[in-house]
Amino acid sequence: MEYPNDDYGPARPVDVSHVPDAVPRDEPYSKYGNPSSYTVRGRTYHVLDTGEGYREKGLASWYGLKFHGRRTSSGEAYDMYAMTAAHKTLPLPTWVRVTNLDNGSSVVVKVNDRGPFHSGRIIDLSYAAASRLGVLGKGTAPVEVVALQVEKPATVAAKAADARQFPLWVQAGAFASEANARLLLHRLEGLSGLQGRIRPLEQLSGRIYRVWLGPVSSEWQLQQLTKKLPEWGIESYRVVQ
């Protein structure tokens, strides 16, 4: 890969004020972009195992049309109008918040490329990110770069489970007819082996009869029950206290 010094932007400035920040999300690390180490211009860089806890201050630069549309180190195509960046050692991808220390502007970018390979520079911003931060005119600016952590779905689920107070109930339906509610309750009691109850609720439109199944005493029992509900024709349900 080339690393030219004579990069440039579009002939006329492009308004990128509408381009939103990158949104951190759970993505696997790039197999292509994360060797344990690599060498550029005679210097060897060691890729970090994780971006957790990463925070650094230094100079930010930017890159534009010289690389627009070309393959980045992660394998993605470089889009100078997207909120991305290049970093020498953070794993790809990593999401970071970049703050311009001169003006206080801040953006979130996805690190999906390698660079900048110039002394003193810690991050290379896309044209869009550099524009949003006010870096285009000067070419470089002092910044602080902070890695953002992405919550994995399993972590989110675990936190929700920790917040639950057992025992609880599963609301499997709500009916205007008490007779229909009791028919469903009787069927679900037979299928699940659990006891249930009918919980009336007064609304402006009239009384409804909610079918509650339980009590459920553990997260494991709740997972087993909710896996079965679709098989029993219950596509929509609520967990209630």
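Scroll up to find the structure this text is about.
What comes next concerns the included structure. Keep in mind that this is a model prediction, so the values were computed, not measured.

## A look at the side chain of N100
Consideration 1: Tracing the backbone through its elements, the reader meets N100 in strand β5 (residues 94–100).
Consideration 2: Classification of N100 as buried rests on a relative accessible area of 2%.
Consideration 3: Apart from residues no more than four positions distant in its own chain, N100 is found in contact with S105, L133, G134, V135, A141, P142 and V143.

## Brief notes about the environment of K110
Consideration 1: Following the sequence through the fold, K110 ends up in strand β6 (residues 106–113).
Consideration 2: Classification of K110 as buried rests on a relative accessible area of 11%.
Consideration 3: Remark: the alpha-carbon pair of K110 and T84, spanning 26 residues in sequence, is separated by 4.6 Å.

## A closer look at the nonpolar core
Consideration 1: One finds M83, V96, V98, V109, I123, L125 and V145 to be the most contacted residues of the largest nonpolar core, which totals 35 residues.
Consideration 2: If you tally residues by element for this core, the top one is helix α1 (residues 127–133), at five residues.
Consideration 3: Residues in contact with I123, not counting those within four places in the same chain, are L59, A60, S61, A85, A86, V96, V98, P116, V143 and V145.
Consideration 4: One finds A181, Y209, V216 and L222 within the second-largest nonpolar core, a separate group that totals 18 residues.

## What to know about the sheet that holds strand β10 (residues 195–203)
The strands making up a sheet associate through backbone hydrogen bonding, with each pair oriented either parallel or antiparallel.
Consideration 1: One open sheet holds the four strands; their spatial order is β10-β11-β9-β12, and the pairing between them is antiparallel. Across the chains shown, the open sheet's two edge strands, defined by having one partner strand only, are β10 and β12 (238–240). Going across the sheet, the axis of each strand differs from the next one's by a mean of 35°, ignoring polarity.
Consideration 2: By the bridge criterion, three bridges tie strand β9 (residues 168–175) to β12 in an arrangement that is antiparallel. Counted as the bridge partner of W169 is V240 from β12.
Consideration 3: Along the sheet, helix α3 (residues 178–192) makes contact with β9, β10 and β11 (206–216), crossing β11 at roughly 10°.
Consideration 4: In this fold helix α4 (residues 219–228) packs onto β9, β11 and β12, with an angle of close to 125° to the strand it touches most, β11.

## Some words on α3
Consideration 1: With 15 residues, α3 ought to run about 21 Å at 1.5 Å a step, and its terminal C-alpha atoms sit 21 Å apart, in line with that.
Consideration 2: Within the sequence span of α3, burial applies to A181, L184, L185 and L188. One side of α3 holds all its buried residues, which, seen down the axis, span an arc of 105°. Of the exposed residues in α3, those oriented more than 90 degrees away from the buried face are A179, L183, H186 and G190.
Consideration 3: Contacts made by the buried residues of α3 are with β9, β10 and β11.
Consideration 4: Its side-chain oxygen placed 3.3 Å from the backbone nitrogen of A179, S177 serves as the N-cap of α3.
Consideration 5: Where α3 terminates, the next one or two residues include G193, which has phi positive at roughly 80°.

## What to know about the packing of aromatic side chains
Consideration 1: Considering all chains together, one arrives at eight aromatic pairs under this definition.
Consideration 2: Here the aromatic rings of Y38 and Y45 are separated by 5.4 Å at their centres, their planes lie at 25°, and the arrangement is stacked.
Consideration 3: Given a relative accessible area of 15%, Y38 falls into the buried group.
Consideration 4: Every member of this aromatic cluster is reached through a ring pair, and the members are Y38, Y45 and F117.
Consideration 5: Sitting over the ring of Y32, R71 keeps its end group 3.9 Å from the ring centre.
Consideration 6: Above the plane of the ring of W212 lies R199, whose end atom (NZ or CZ) is 4.7 Å from the centre.

Parameters at a glance
- Residues numbered from 1 in each chain as written.
- Predicted model: local features only at pLDDT ≥ 70, side-chain atom pairs only at ≥ 80, totals over all residues.
- Heavy atoms only, no water.
- Helix = DSSP H or I, 4+ residues; strand = E, 2+ residues; numbered from the N terminus.
- Buried < 20%, exposed > 50% of the residue type's maximum accessible area, 1.4 Å probe, protein only.
- Contact = heavy atoms within 4.5 Å.
- Core = buried A, V, L, I, M, F, W, Y, C linked by side-chain atoms within 4.5 Å.
- Pairing = 2+ DSSP bridges.
- Axes fitted to C-alpha atoms, helices over the stretch in contact; angles between N-to-C directions.
- Expected span 1.5 Å × (residues − 1).
- Arc of directions from axis to C-beta.
- Polar contact = N/O pair within 3.5 Å; in protein donor to acceptor, adjacent residues only side chain to side chain.
- Phe/Tyr/Trp six-rings, centres within 6.5 Å; stacked < 30°, edge-to-face > 60°.
- Lys NZ or Arg CZ within 6 Å of the ring centre and 35° of its normal.

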